[in-house]
Amino acid sequence: MILILDTDLTEESPTFQALLQHLRGLEGIEHRVHRVQGAEQTLREIYLIGNTKALRIEDMEALPGVARAIRVSREYRVLGRHAGDERPTGFDYRGVHFGQDNLNVFAGLCAVDTREHVEAMMRALKDNGQVCTRMGAYKPRTSPYAFQGHGAACLPYVFELAGKYGIQVIAMEILHEAHMDEIRKALEQTGQPTGVMLQIGTRNTQNFELLKAVGRQRDFPVLLKRGFGITLEESLNAAEYLASEGNDRVVFGLRGMKTNLGDPHRNFVDFAQVPVVKRLTRMPVCIDPSHSVGSRDVGPDGIPEVFQVTAQGVIAGANMILVDFHPDPATALVDGPQALRLEELPWFLEDVRLAREAYEERRLLAEAQHFARS
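As the structure is a prediction and not an experimental result, all values here were calculated from the model. Residue indices begin from 1 for each chain and proceed along its sequence in written order. At least 70 in pLDDT is required for a residue's local features to be given in this predicted model, at least 80 for side-chain atom pairs to be given and counted, and no such filter applies to totals for whole chains, interfaces and linings, which use all residues. Each side-chain value is derived from all of the structure's non-hydrogen atoms; neither hydrogens nor water enter the calculation.

**Section: empty space enclosed by the protein**
(1) Moving on: Of the two site types, the cavity is a set of points on a 1 Å grid over the protein atoms alone where a 1.4 Å probe fits but cannot get out, and the pocket is an open set with protein on both sides within 12 Å along at least five of seven lines, each lined by residues with an atom within 4 Å of a point. Grid points are joined across faces, edges and corners, and a volume is the space filled by probe spheres set on the points. According to the stated counting rule, one finds two cavities of 30 Å³ or more in the structure shown.
(2) Moving on: Here the largest cavity defines a volume of roughly 40 Å³.
(3) Moving on: What lines the largest cavity is C110, R134, M135, G136, K139, A171, M172, E173 and Q199.
(4) Moving on: Of the residues forming the lining of the largest cavity, the biggest block, three residues, is contributed by strand β9 (residues 169-173). A helix here means a DSSP run of H or I that spans at least four residues, while a strand means a run of E at least two residues long, and both kinds are numbered starting from the N terminus.

In structure tokens form, the structure reads like this:
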């Protein structure tokens, strides 16, 4: 059960302390205070853990300081959708809204290689009206001899160039808790010119200690990619690890399933589950067409397969796109064969716009049908 507290209630107030004292007296029930940082104020929720079936919603809502009580209907209690749950389905960060009702494009380098390539990418994004990007500093690789990323060494110039070209949010994968400290240090050194969305890659979806550490920090939102060899429910529970530690600014990423059933694509595309994740949880949903397709192959209609897969996810209601671009894919140090070229960026963005427009029209049609039936 979740208790949503009055907006003006602080933890120092007698009412809050009296409420905690009451909750401590509930037999077999543990409680955990969760803070939700809004744009102007901090909201507080209390999660009741244990045998809450005997607790009546009416009794809990009658407690001083409690605005509303929600009975949890799913295992992922913080991020899940529950009956009567009207909590927001998104968040704001660095002036960018991430929610189940909009769409952001994160086009950029899978792996940072040179300052010149980073600047070319940032310039192209600005020229096309974009304020978000992806930049890989830390790269998990199957082979120990493959390029592992420049790490902390590239962070200062990546952040400086982001500030120069007005990029507000950079999606950046981390592999270790120490990487968060390196990112913080580089942001401080460069004067906080941009923001970072920490990315948990598919290999680390069940690295529970890393999930806990990332969940405990409040500086950065998180993009969690689906685990490539586990069920959707297991991946959603991995996201819950983040939120249960206090950080519920989480975007859930679909990136394709590792199976040869998807051949010749790199992964079996799972974008049909975009609406499923939005139905089960309050998380915005990201799609990763580059890692799903794994190539720049073009169909007989002249449309690149990465474009086709992107459109599938967008027309299903995706809220974020993580896509690889590179000024010179032939020289890219990681995943060059799947990176789109900078001259294709305007085309890609226009194709995304068309797919999003189709989604919005489909949504309006669905609303009309619902109104007609009711």
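That covers the picture; the talk isn't over yet.
**Side note on the state of the cysteines**
What we call a disulfide is simply a covalent bond connecting the sulfur atoms of a pair of cysteines.
(1) Moving on: Note on terminology: disulfide denotes any pair of cysteine sulfur atoms within 2.5 Å. Applying the stated criterion across every chain, the model contains zero disulfides.
(2) Moving on: In this model C110 remains outside any disulfide bridge; the closest cysteine sulfur is found in C154, 13 Å from its own.
(3) Moving on: Judged by its relative accessible area of 5%, C110 falls in the buried class. Relative accessibility decides the category of a residue: with a 1.4 Å probe and only protein chains considered, values under 20% of the type maximum give buried, values over 50% give exposed, and everything between is partly exposed.

**Comments concerning the side chain of D113**
(1) Moving on: Counting through the fold element by element, D113 comes out in the loop between β7 (104-108) and α3 (115-127).
(2) Moving on: For the charge count, each Lys or Arg is scored as positive and each Asp or Glu as negative, with His and the chain ends excluded. The working definition used for a salt bridge is a side-chain nitrogen of Lys or Arg within 4 Å of a carboxyl oxygen of Asp or Glu. Buried and without a salt bridge, D113 has R141 as its closest oppositely charged side chain, separated by 11 Å.
(3) Moving on: We define a polar contact as two N or O atoms separated by no more than 3.5 Å, with the added condition that, inside protein, one atom must be a possible hydrogen donor and the other a possible acceptor, whereas residues neighbouring each other in sequence contribute only through side-chain atom pairs. A distance of 3.1 Å separates a polar atom in the side chain of D113 from a polar atom in the side chain of H117.

**Focus: helix α7 (residues 232-244)**
(1) Moving on: Expected span, for any helix, means 1.5 Å times one less than how many residues it has. Relative to the 18 Å expected for 13 residues at 1.5 Å per residue, α7 spans 18 Å between its end C-alpha atoms, a close match to the ideal helical length.
(2) Moving on: Within α7 the residues assigned to the buried category are L232, S235, L236, N237, A238, A239, E240, L242 and A243.
(3) Moving on: Downstream of α7 by one or two residues, G246 has phi in the positive range, about 125 degrees.

**Looking at the packing of aromatic side chains**
Geometrically, a pair of aromatic rings is defined through the distance of the ring centres and the angle of the planes.
(1) Moving on: For Phe, Tyr and Trp, where Trp contributes only its six-membered ring, two rings pair if their centres lie within 6.5 Å, and the inter-plane angle classes them as stacked under 30 degrees, edge-to-face over 60, or tilted in between. Taken as a whole and assessed by the stated rule, the structure comprises six aromatic pairs.
(2) Moving on: Judged by centre distance (5.7 Å) and plane angle (75 degrees), the rings of F325 and F348 are edge-to-face. One end of the pair, F325, is in strand β14 (residues 320-326); the other, F348, is in helix α11 (residues 345-373), with 23 residues separating them in the sequence. There is no split in this pair, since F325 and F348 are both buried.

**Looking at the packing of α3 against helix α4 (residues 155-164)**
(1) Moving on: Each axis is a line fitted through C-alpha atoms, and for a helix only the stretch in contact is used; angles between axes span 0 to 180 degrees, taken between their N-to-C directions. Running from amino to carboxyl end, α3 crosses α4 at an angle of 25 degrees, the nearest separation of the two axes being 10 Å. Taken together, the axes of α3 and α4 are roughly parallel relative to one another. Relative to α4, α3 is oriented so that their crossing is right-handed. Listed contacts from α4 to R115, V118, E119, M122 and K126 of α3 are Y157, V158, E160, L161, A162 and K164.
(2) Moving on: Amino acid classes used here: Ala, Val, Leu, Ile, Met, Phe, Trp, Tyr, Cys and Pro are nonpolar; Asp, Glu, Lys and Arg are charged; the rest, including Gly, are polar. Taken together, the residues of the contact of α3 with α4 break down into six nonpolar, no polar and five charged. With respect to orientation, any angle under 35 degrees is reported as roughly parallel, any angle over 145 as roughly antiparallel, any angle of 65 to 115 as roughly perpendicular, and every other angle as oblique. In this scheme the handedness of a crossing depends on how the near helix is turned from the far one: anticlockwise by less than a right angle means left-handed, clockwise means right-handed. Contacts: residue pairs with any heavy atoms within 4.5 Å of one another.

**Looking at the nonpolar core**
(1) Moving on: Counting residues in each nonpolar core, the largest one holds 92 residues, and the members touching the most others are M122, M135, V158, F159, M172, I183 and F348.
(2) Moving on: Ignoring any residue separated from it by four or fewer positions in sequence, one finds M122 in contact with T133, M135, V158, L161, A162, Y165, I167 and I170.
(3) Moving on: Residues grouped as a nonpolar core are buried Ala, Val, Leu, Ile, Met, Phe, Trp, Tyr and Cys residues, joined through side-chain atoms within 4.5 Å. One finds L3, L19, I46 and L63 within the second-largest nonpolar core, a separate group that totals 17 residues.

**With respect to the side chain of R44**
(1) Moving on: Inspection of the secondary structure puts R44 in strand β3 (residues 42-50).
(2) Moving on: A distance of 3.1 Å separates polar atoms of two side chains, one belonging to R44 and the other to E11.
(3) Moving on: Contacts of R44, omitting those with residues within four sequence positions, involve L3, I4, L5, L9, T10, E11, F16, H34 and R35.

**A look at the packing of α4 against helix α5 (residues 177-189)**
(1) Moving on: Look at α4 against α5: their axes get within 9 Å of each other, and the N-to-C directions meet at 50 degrees. Classed by the angle they form, the pair α4 and α5 counts as oblique. When you trace α4 past α5, the crossing you get is right-handed. For the pair formed by α4 and α5, the contact residues are L155, P156 and F159 on the first element and E182, I183, A186, L187 and Q189 on the second.
(2) Moving on: Along the lines of polarity and charge, the residues of the contact of α4 with α5 split into six nonpolar, one polar and one charged.

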